[in-house]
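Each chain, letter by letter, is given below.
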Amino acid sequence: MINICFPDGAVRQFESGISALQIAKNISEGLAKKVLVTKVNGEIWDATRPIYTDASLQLLTWDDAEGKNTFWHSSAHLMAEAVENSFPGAKFWVGPALDNGFYYDIDLGDNKLSEEDLLILEKKMNELAKQNNSFNRSERSKADAISYFSEKGDEYKLDLLQNLEDGNITFYSQGNFTDLCRGPHIPSTGAIKAIKLMSIAGAYWKGDEKNKQLTRIYGITFPNQKELDEYLLMLEEAKKRDHRKIAKELSIYTMDDDIGQGLVLWMPNGTVIIEELEKLAKETEEAAGYKRVVTPHIAKENLYLTSGHLPYYADSMFPPMELDGEKYYLKAMNCPHHHKIFDAEPKSYRDLPYRLAEYGTCYRYEQSGELFGLMRVRCLHMNDAHIYCSKEQFAQEFKSVNEMYLKYFKIFGVDKFVMRLSLHNPEKLGKKYVNEPELWKETEAMVRAVLIETGTPFIEVQDEAAFYGPKIDVQIWSVIGREFTLATNQVDFAQSRSFKLSFTNQNNESETPLIIHRAPLGTHERFIGFLLEHYAGKFPVWLSPLQVKILPISDKFLSYATEVKAKLRKVGVRVEIDERQEKIGKKIREAELSRVPYMLVLGEKEMNENTLSIRRQGKGDIGQLSVDEFIRNIVSEIEEKKSGE
Ligand SMILES: [Zn+2]
Ligand SMILES: [Zn+2]
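Source: prediction; values computed, not measured.

Some details on the overall build of the chain
Argument step 1. Helix and strand content of the chain: 20 helices and 34 strands.
Argument step 2. Referenced to the eigenvectors of the C-alpha coordinate spread, the extents of the chain come out at roughly 90 × 75 × 60 Å.
Argument step 3. The burial tally for the chain puts 36% of its 645 residues in the buried class.
Argument step 4. Across the chain, every contact between residues at least 6 apart in sequence was considered, and the portion connecting residues at least 24 apart equals 68%.

Structure follows, in structure tokens:
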């Protein structure tokens, strides 16, 4: 018998050699149907693989990131089976899961794929999925594996085999298809109920353009048709709401070759949004006890050697500038500058928590192929702050930071979010992560405890922490259901040591503070990119670059329009008059297209009665009000940051 420990701490005994799937069946048939893969002693395994020793066990389903990942990777095998069936002799390179779906790179010989072929392959995949073939794992010796793929004449798998160690080689088969793969996979193909092959692309073998070009097929699968339909609808809507397209229509930002790739020029309209966001952040942070600072955009090499950015993060930094025999770097992060401010004057426990905030400008070297609109840029403005606190204060501070996130989510109508807690990997201490095994365990446990205590939805991922401590990425979903990784929140026990930061505690001893790095609104670039999609360019009034457009029916009413404009200006409303001698219908149409929230139509009647005919963007005529009434309404709408819908 072996002891199996479940995530809730319960321990049960089972026959040695039982699989996670059989254990799940033992609990309930319903659960067993949902299990896609398992974690045995923290290692991800096939749910069908026999367990021979005492182990901790976690059953993973579609609701777990690793469940989805395994589902999609297994779907790549299913697609390969369909391809081999239609194109005998096809050779396969790699077929990984993606954030959404999967691909496989395939050498199809002289065959070219058409869109029609994708439909045929989809049909075949559906057929094969219905056969509910199980994914069978078998361990092979290296010699055996080499002879199998030599016989097949598959130079790709032979290439992969070169880098694999004997004793670590596994094959997986389902139906008539066998692949070299380390796994794991879902129990059988039957779980794949809805299939869509999305597109075909060329991909050079190993990403090197000197190599042969392979055919990459992208696909996505789901455990039911409804989820696939929703996903496709979301994609369609996302295309319409592409932030680059809407930003162009609304003159939000531009880029210029003479400035450089990935360097955003914010136009006047974009700058209004930026300033409103900064105003919100400054008010919120001031209320939460933050102090604002301003720091330079460059610093000497030594600073980044102390911070550890240079050894760990050099690839993401711009190359250095030489000046007076010293190297200067553009700052990739604001933290080291803030640490120096903390350290400029001695601190005692009475100064803590010490919270420094700055909308800091950072520069990151992103590969040109990775640049994408506002989402991936080389210069970013970060809603940054660093909180220096004692261990005893940590939980409360971390909780307050969490509350700030929630407050923002409410303002921006973000209903769905999850915190992704990235942990370190003990095997990579001293390489990818600062070598402080005890502190890692301690801080990870503290963060987890706060997330559980506050009922914040979160998931844990291994081996994705920052090099100086555990990291929480905040993932949010736009109204159309697309996921964005927006903000991060990091706990840091290493930098305060490297910078020798300290405070005098109540016992008059020197103590090292903990640091919380947080950026709830992320960067202006990514956040505004998100908002453009989220609102489809129809910003709530408080964020709209232009809030009111006055549309006089003819020149006769220009002086009344100017009077109304002056009154609105006086209370801070952003307003313009369309003074052109165009028909009123045309003025309205164009104002609608520019997504200005309020349009005021002024003619004879309005002028005589000192009223306004009001149109709301997307809703048409919403009636008449006196000038004063309208002003009262719009001012309160702006102050309350109403969502607009
Ligand atoms: Zn595989
Ligand atoms: Zn930081």
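Still to come is the rest of the account.
Regarding the nonpolar core
Argument step 1. Counting 89 residues, the largest nonpolar core has Ile550, Leu600 and Leu602 as its most contacted members.
Argument step 2. Not counting residues up to four positions away in its chain, the partners in contact with Ile550 are Ala561, Val564, Lys565, Val575, Ile577, Asp578, Leu600 and Leu602.
Argument step 3. Membership of the second largest hydrophobic core comes to 44 residues, among which are Met79, Phe92, Phe149 and Ile195.

Examining the packing of helix H3 (residues 65–86) against helix H4 (residues 115–130)
Argument step 1. At a minimum axis distance of 9 Å, the contact between H3 and H4 shows a crossing angle of 115°. Relative to H4, the crossing made by H3 is right-handed. Residues Leu78, Met79, Glu81, Ala82, Val83, Asn85 and Ser86 of H3 form the contact with H4, whose own contacting residues are Ile120, Leu121, Lys124, Met125, Leu128 and Ala129.
Argument step 2. The residue inventory of the contact of H3 with H4, partitioned by class, reads nine nonpolar, two polar and two charged.

Notes on helix H16 (residues 524–534)
Argument step 1. In terms of burial, H16 is a largely internal element, 11 of the 11 residues being buried.
Argument step 2. Listed in full, the buried residues belonging to H16 are His524, Glu525, Arg526, Phe527, Ile528, Gly529, Phe530, Leu531, Leu532, Glu533 and His534.
Argument step 3. At its buried positions, H16 is contacted by helix H7 (225–240), helix H8 (243–249), helix H9 (268–287), strand E22 (379–389) and strand E26 (483–492).
Argument step 4. Two residues or fewer past H16, Ala536 is found with a positive phi of approximately 50°.

Comments concerning the sheet that holds strand E24 (residues 458–461)
Argument step 1. Spatial strand order, E17-E21-E22-E29-E26-E25-E23-E24: eight strands in an open sheet with mixed pairing. Only two strands of the sheet have a single partner each, and these edge strands are strand E17 (291–292) and E24.
Argument step 2. Sheet topology note: the strand E25 (residues 471–477)/E26 ladder contains seven bridges and is antiparallel. Among the inter-strand pairings, Lys471 is bridged to a residue of E26, identified as Gln490.
Argument step 3. Docked against the sheet, helix H12 (residues 335–343) engages strand E21 (354–363), E22 and strand E29 (514–518), running at close to 145° with respect to E21.

Side note on unusual backbone geometry
Argument step 1. Backbone torsion omega between Gly183 and Pro184 reads -5°, so that peptide bond is classified as cis.
Argument step 2. The residue after Leu352, namely Pro353, is reached through a cis peptide bond having omega -10°.
Argument step 3. Note that Pro353 resides in the loop between H12 and E21.
Argument step 4. Backbone geometry at Asp324 places phi at a positive 50°, although glycine is not the residue there.
Argument step 5. Judged by local crowding, Asp324 falls into the exposed class, with 5 C-beta atoms found within 10 Å.

Thoughts on the sheet that holds strand E18 (residues 298–300)
Argument step 1. Ordered in space as E18-E20-E19, the three strands form an open sheet in which the pairing is antiparallel. Of all the strands in the sheet, just E18 and strand E19 (321–323) have a single pairing partner and so form its edges. The sheet shows a mean angle of 40° between the axes of neighbouring strands, taken without regard to direction.
Argument step 2. Looking at chain direction, E19 and strand E20 (residues 326–330) are connected through three bridges and run antiparallel. Considered in E20, the bridge of Met321 is made with Tyr328.

Observations concerning the pairing of strand E14 (residues 213–222)
Argument step 1. Taken across its 10 residues, E14 has seven buried, putting it largely inside the fold.
Argument step 2. Relative to E14, strand E9 (residues 102–107) runs antiparallel, the two being bridged by five bridges. Bridged to Phe102 within E14 is Gly219.
Argument step 3. Alignment of strand E13 (residues 194–204) against E14, held across 10 bridges, turns out to be antiparallel. Residue Gly202 lies in a different strand from E14, and its bridge partner there is Thr215.

Overview of the pairing of strand E23 (residues 417–422)
Argument step 1. In this structure, E23 lies alongside E25, joined through six bridges in antiparallel fashion. Bridge pairing links Phe417 to Ile476 in E25.
Argument step 2. Where E23 meets E24, four bridges bridge the pair, whose relative direction is parallel. Residue Ser422 lies in a different strand from E24, and its bridge partner there is Val461.
Argument step 3. Crossover connection from E23 via helix H14 (residues 437–453) to parallel E24: handedness right-handed.

Description of the environment of Lys248
Argument step 1. Residue position: Lys248 is located in helix H8.
Argument step 2. What makes Lys248 exposed here is the crowd of 12 C-beta atoms within 10 Å.
Argument step 3. Taking the C-alpha atoms as reference points, Lys248 and Pro457, separated by 209 residues in sequence, lie 35 Å from one another.

Conventions and cut-offs
- Residues numbered from 1 in each chain as written.
- Chains lettered and ligands numbered in written order.
- Predicted model: local features only at pLDDT ≥ 70, side-chain atom pairs only at ≥ 80, totals over all residues.
- Helix = DSSP H or I, 4+ residues; strand = E, 2+ residues; numbered from the N terminus.
- Buried ≥ 20, exposed ≤ 12 C-beta atoms within 10 Å, placed from the backbone.
- Contact = placed C-beta atoms within 7 Å.
- Core = buried A, V, L, I, M, F, W, Y, C linked by C-beta atoms within 7 Å.
- Axes fitted to C-alpha atoms, helices over the stretch in contact; angles between N-to-C directions.
- Left-handed = near helix turned anticlockwise from the far one by under 90°.
- Nonpolar A, V, L, I, M, F, W, Y, C, P; charged D, E, K, R; others polar.
- Pairing = 2+ DSSP bridges.
- Right-handed = clockwise from strand over helix to strand, strands pointing away.

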